[in-house]
Amino acid sequence: MANLKDRRCFLKKMGVGVAASTLAFKAPYVFAKNTVTLRVMGTHVTLQEELRQRAMRELGINIEFTPMGSAAVLHKAAADPSSFDLYEQWSDSINILWQAGAIQPLDIDRLIYWNEINPLTKTGRVIPEAKIGAGDSPNKLLYVQPDGRLGTTPSKKISYMPYVHNVDSFGYNTQFIEQGIPYETESWAWLLDEKNKGKVGLVNAPTIGIFDAALAVQAQGLMSFNDLGNMSITEIDQLFKILLEKKRQGHFAGFWTSVPQSIDFMKTNRVTIQSMFSPGVSACRGQGIPVVYASPKEGYRAWHGVMCLSANTQGHVKDAAYDYMNWWLSGYPGAFIARQGYYISNPERSQPLMSIPEWNYWYQGKEAVTDLTGTDGKISVQAGQVRDGGSYIKRFSNIAVWNTVMPNYDYSLDKWFELLNS
């Protein structure tokens with residue numbers, strides 16, 4: 001591999017235009033015996049084959065992807081840092097990984113595009129007047145403090161590199177459920193509406209599904225929370241008492257563990273409404289299933305993607321990991337991931353690599369003037385459509401809660417598995 005200084009100089013000279021899209025490495029796609037292999041563990045959301053192939057070509061390294069469901073990948077990484085070199089998931093995993101000693105701090109000086117990263121990660125708000133939301137906004141978990149804890153005071157060491165992020169809600173099939181009005185009539189309460197009984201799905205991820213359920217219970221007026229991002233034992237007991245009764249009544253059709261499974265739930269009509277991630281919605285639309293991604297009047301559940309170094313990663317593999325992290329913010333990956341509805345932390349670098357209609361639809365919330373394709377090449381947006389929830393700024397100004405590992409996480413985890421096994 002070229003030495004780090006040469007790589008950094010080369011990358012810094014790259015423009016935002018075509019050079020950023022190709023990286024111009026021109027490395028032969030033949031790996032010698034001494035080629036570094038980077039093992040990346042994460043979910044199907046970002047561990048996509050097209051990205052792996054392109055990164056290998058442009059970086060001249062071998063990359064192995066290990067995608068799993070969100071709960072499984074977190075458990076594996078926390079229990080065995082030797083099983084991965086680089087970890088891709090969501091910010092709610094940081095506290096668990098950090099406390100387990102499974103990841104090591106990142107050096108900001110080795111992140112080429114750090115200064116381009118927008119305020120969302122660094123302050124918790126994409127614009128000053130935006131709602132910050134309950135729970136662990138990403139800035140609370142970002143900076144390594146002098147005592148080794150994570151906090152909001154800026155430092156030269158961080159726990160993760162910010163990259164993709166989004167706001168989540170639920171998807172519903174308009175063949176069966178009348179389309180609502182964003183931010184006005186669409187509500188988390190719909191997940192517990194008796195009209196949808198037997199056709200409701202939840203995501204099987206304890207740090208995510210619990211908030212979808214809590215938002216639904218609160219929106220239905222069945223209970224309220226003093227702090228949604230930090231539930232008390234009493235509140236957790238009350239929440240799961242409600243959910244257990246709903247499950248016994250046959251309200252839930254299933255709990256999905258991966259995006260492909262959530263797509264299958266919709267495709268087979270097992271559900272008509274469920275927790276969803278944006279790629280699942282895009283894929284359903286690409287297959288002709290009329291799924292709307294709700295903009296709940298109560299606000300979204302937000303998440304922020306993280307890239308973390310295993311505590312065991314050292315030497316040339318560590319260098320390759322930094323190269324891969326920098327590649328993710330170099331333009332092309334951000335443009336690619338936008339086509340499944342995800343945002344990148346430095347969007348201006350990806351903008352020139354998207355068509356004007358794509359940028360206007362995905363980031364600006366404007367009407368699509370032409371059909372737009374998803375990452376699978378299938379049409380996921382029809383001309384005339386406006387993105388559910390509107391613009392990047394609009395969506396991230398309406399956050400109810402961030403994916404969070406609460407202080408009572410262990411207790412809530414036991415309750416979650418009790419719900420699954422009941």
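The structure this text deals with has already been given above.
Residues numbered from 1 in each chain as written. Predicted model: local features only at pLDDT ≥ 70, side-chain atom pairs only at ≥ 80, totals over all residues. Heavy atoms only, no water.

(A) Spotlight on the nonpolar core. Counting residues in each nonpolar core, the largest one holds 104 residues, and the members touching the most others are Leu86, Met161, Phe277, Tyr324, Trp328, Tyr363 and Phe396. The contacts of Tyr363, once residues within four sequence positions are left out, are Ala338, Tyr342, Tyr343, Ile344, Pro347, Met354, Glu358, Ser391 and Tyr392. Counting residues in hydrophobic clusters, the runner-up holds 37 residues, among them Met231, Phe252, Phe255 and Leu419. (Core = buried A, V, L, I, M, F, W, Y, C linked by side-chain atoms within 4.5 Å. Buried < 20%, exposed > 50% of the residue type's maximum accessible area, 1.4 Å probe, protein only. Contact = heavy atoms within 4.5 Å.)

(B) Molecular detail of the side chain of Asn139. Topologically, Asn139 is positioned in the loop between α6 (119–123) and β6 (143–144). Relative accessible area serves as the criterion here: at 8%, Asn139 is assigned to the buried category. A polar contact is formed between the side chain of Asn139 and the side chain of Ser137, at a distance of 2.6 Å. In this structure, Asn139 is in contact with Thr121, Lys122, Thr123, Gly124, Gly151 and Thr152, ignoring residues within four places of it in sequence. (Helix = DSSP H or I, 4+ residues; strand = E, 2+ residues; numbered from the N terminus. Polar contact = N/O pair within 3.5 Å; in protein donor to acceptor, adjacent residues only side chain to side chain.)

(C) Highlighting the packing of aromatic side chains. Per the counting criterion, the structure on display carries 26 aromatic pairs. For the ring pair Phe170 and Tyr172, a centre distance of 6.2 Å and an interplane angle of 40° mean the geometry is tilted. Its relative accessible area of 0% is what places Phe170 among the buried residues. According to the relative accessible area criterion, Tyr172 is buried, its value standing at 0%. Ring centres 6.3 Å apart and planes at 85° place the aromatic pair Trp327 and Trp328 in the edge-to-face group. We note that Trp327, like Trp328, is buried. Linked through ring pairs, Tyr343, Trp359, Tyr363, Tyr392, Phe396 and Trp402 together constitute an aromatic cluster. One cation-aromatic arrangement involves Arg54 over Tyr332; the distance from NZ or CZ to the ring centre is 3.6 Å. For the cation-ring pair, Lys394 lies above Tyr183, with the distance from its terminal atom to the ring centre recorded as 4.8 Å. (Phe/Tyr/Trp six-rings, centres within 6.5 Å; stacked < 30°, edge-to-face > 60°. Lys NZ or Arg CZ within 6 Å of the ring centre and 35° of its normal.)

(D) Region of interest: helix α16 (residues 409–421). If you check α16, its first and last C-alpha atoms are 18 Å apart, about what 13 residues at 1.5 Å a residue would give, namely 18 Å. All of the buried residues along α16 are Tyr409, Ser412, Leu413, Lys415, Trp416 and Leu419. Each buried residue of α16 sits inside an arc of 165° when the element is viewed along its axis, so together they form one side. Turned more than 90 degrees away from the buried face of α16, the exposed residues are Asp410, Asp414 and Asn421. Those residues of α16 that are buried lie in contact with α5 (94–99), β10 (200–203), α7 (206–219), α8 (233–248) and β11 (252–256). (Expected span 1.5 Å × (residues − 1). Arc of directions from axis to C-beta.)

(E) Just the environment of Ile177, in detail. Relative to the elements of secondary structure, Ile177 occurs in the loop between β9 (161–173) and β10. Each C-alpha atom of the pair Ile177 and Ser159 lies 42 Å from the other, and the pair is 18 residues apart in sequence. Residues contacting Ile177, with those up to four places away along its chain left out, are Tyr172, Trp190, Asn196, Thr272 and Ile273.

Function cannot be read off these values alone, since they describe shape.
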